[in-house]
Amino acid sequence: MPEITFGSYIPIRNTRESKYKSSGIAASLAASAVRSQWQNVIQQDFATAVTMQTELHKFCNLAFTWKEDTKMMSSMRDIALHPAYQEIIGMGKSAISYILDDLAIELSLWFWALRAITGDNPVPVTHQGDFEKMRKDWLIWGEENGYI
Amino acid sequence: MATYDPYLEKIFPKIKNEGYDVTSPIDPRYNCFAWAAENNKLWYEPDYNYIGYWPVNIAREYTIDALINLYQSLGYDICENGELEKNYEKIAIYIDVNNIPQHAARQLDSGAWTSKLGVDKDIQHKTLEGLEGSSYGNVGVILKRQKRKTKNK
């Protein structure tokens, strides 16, 4: 996911404002309308960006805690019942892209969460327990469903 | 290879005094139950989501009986202790207070044991007691089978 910084939006708005400030009244009204439209767009994008940043940070913190706390556990059931993992499942579909991004980077036991959130299962019976093959199955599923 | 792992020693307080060596890098592809069966490609687990590998002819349940059946299907039978016996190889199953399996370790030719720790590393530990405690519980069952003539290490 590309890094979205708050500052990247501000120069665009200032540039637009300065372009219209040097004109007359008509231009000023036009500038006002354009500025208003721009502000709507900016505010919507900004809100989206803030929401995404918040969710990403939440996901990263939960995922880190989960991985650290469960790395010696032998049972996937116990690993999946960790509170941080359950909270990630509780994030719902907004977590799918983050999970698949993480899965693309390193093999982790995200299969339980993906099943729970998506209600889907792209893994054939012959791949059960083979996490490398299951990882590929889910990444292909992510591409086909627009999450990657 | 590093033989000192402070996190591991925190989770298993007895392991430092009992003696251990880290013998592999982190590998989440397999768990201890698979490693005890000499499989380092699959995750053995009888989960109801059918994510883990589990033989279809063995009850898919988190019980000591199901795990014993799994190893019996590989030629193991229950035995009395974890002493090194010539021409035999052994598996020890750790259980919690509810008799739910938490871990399995496999005996090596030296008499020491090899364990896969969750999604983390393999270790060799000199005693079974080294991994006993609040995380894996205590050794509840030991099984043995005759060594095969050709054996993968």
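Residues numbered from 1 in each chain as written. Chains lettered and ligands numbered in written order. Predicted model: local features only at pLDDT ≥ 70, side-chain atom pairs only at ≥ 80, totals over all residues. Heavy atoms only, no water.

(A) Structural view of the overall build of chain A. Summing up its helical and strand segments, chain A has 7 helices and 0 strands in all. N-terminal to C-terminal, the α/β element order of chain A is α-α-α-α-α-α-α. Classification of the 148 residues of chain A by burial places 36% in the buried group. Put simply, 57% of the contacts in chain A that link residues at least 6 apart link residues at least 24 apart. (Helix = DSSP H or I, 4+ residues; strand = E, 2+ residues; numbered from the N terminus. Buried < 20%, exposed > 50% of the residue type's maximum accessible area, 1.4 Å probe, protein only. Contact = heavy atoms within 4.5 Å.)

(B) Spotlight on the overall build of chain B. When you go through chain B residue by residue, the secondary structure sums to 4 helices and 7 strands. For chain B, the N- to C-terminal ordering of α and β elements is α-α-β-α-α-β-β-β-β-β-β. Over its C-alpha trace chain B gives a radius of gyration of 15 Å, about what one expects of a compact globule, namely 15 Å for 153 residues. For chain B, the share of sequence-separated contacts (at least 6 apart) that also reach a separation of at least 24 residues comes to 55%. Side-chain charges of chain B comprise 19 positive and 21 negative groups, with the mean position of each set lying 7 Å from the other. (Rg over C-alpha atoms; globule rule 2.2 N^0.38 Å. Lys, Arg positive; Asp, Glu negative; His and termini not counted. Charge placed at Lys NZ, Arg CZ, Asp CG, Glu CD.)

(C) Examining the interface of chain B and chain A more closely. Facing 30 residues of chain B, the contacting portion of chain A comprises 22 residues. Between chain B and chain A, the buried area comes to about 2200 Å², and carbon and sulfur atoms account for 61% of it. In this assembly, chain B and chain A are joined by 0 salt bridges. Summed over the shared surface of chain B and chain A, the result is 12 residue pairs in polar contact (both at pLDDT 80 or more). Broken down by secondary-structure element, the contributors of at least two residues to the side of chain B that touches chain A are helix H1 (6–11), helix H3 (32–36) and strand S4 (101–107) of chain B. No other element matches H1(B), which puts 3 residues into the side of chain B that touches chain A. (Buried area = accessible area lost by both parts, 1.4 Å probe. Salt bridge = Lys/Arg side-chain N within 4 Å of Asp/Glu carboxyl O. Polar contact = N/O pair within 3.5 Å; in protein donor to acceptor, adjacent residues only side chain to side chain.)

(D) Quick look at the packing of aromatic side chains. Scanning the model with the defined rule gives 15 aromatic pairs over all chains in all. Ring geometry for A:Trp66 versus A:Tyr85: centroids 4.7 Å apart, planes at 40°, classification tilted. On the criterion of sequence distance, the pair formed by A:Trp66 in helix H2 (residues 25–70) and A:Tyr85 in helix H4 (residues 83–90) is long-range, its members being 19 residues apart. The burial state of A:Trp66 is the same as that of A:Tyr85; both residues are buried. Measuring from ring centre to ring centre gives 5.6 Å for B:Tyr30 and B:Trp35, while their planes differ by 40°; the resulting arrangement is tilted. (Phe/Tyr/Trp six-rings, centres within 6.5 Å; stacked < 30°, edge-to-face > 60°.)

(E) Representation of the confidence of the model for chain A within the structure. Put simply, chain A has an average pLDDT of 81, and 70% of its residues get 70 or more. Across residues 1–23 of chain A, where pLDDT falls below 50, the model places 19 contacts with residues more than four positions away in sequence or in other chains. (pLDDT = per-residue confidence, 0-100.)

(F) Looking closely at unusual backbone geometry. Residue and element names in this part refer to chain B. You will see that glutamate 38, though not glycine, has its phi angle at about 65°, which is positive. Along the chain, glutamate 38 turns up in the loop between H3 and helix H4 (64–72). A residue is classified by how much of its surface remains accessible, and glutamate 38, at 22% relative accessible area, is partly exposed. Backbone geometry places asparagine 87, a non-glycine residue, at a positive phi of 70°. Secondary-structure assignment places asparagine 87 in the loop between strand S2 (77–79) and strand S3 (88–95). A residue is classified by how much of its surface remains accessible, and asparagine 87, at 47% relative accessible area, is partly exposed.

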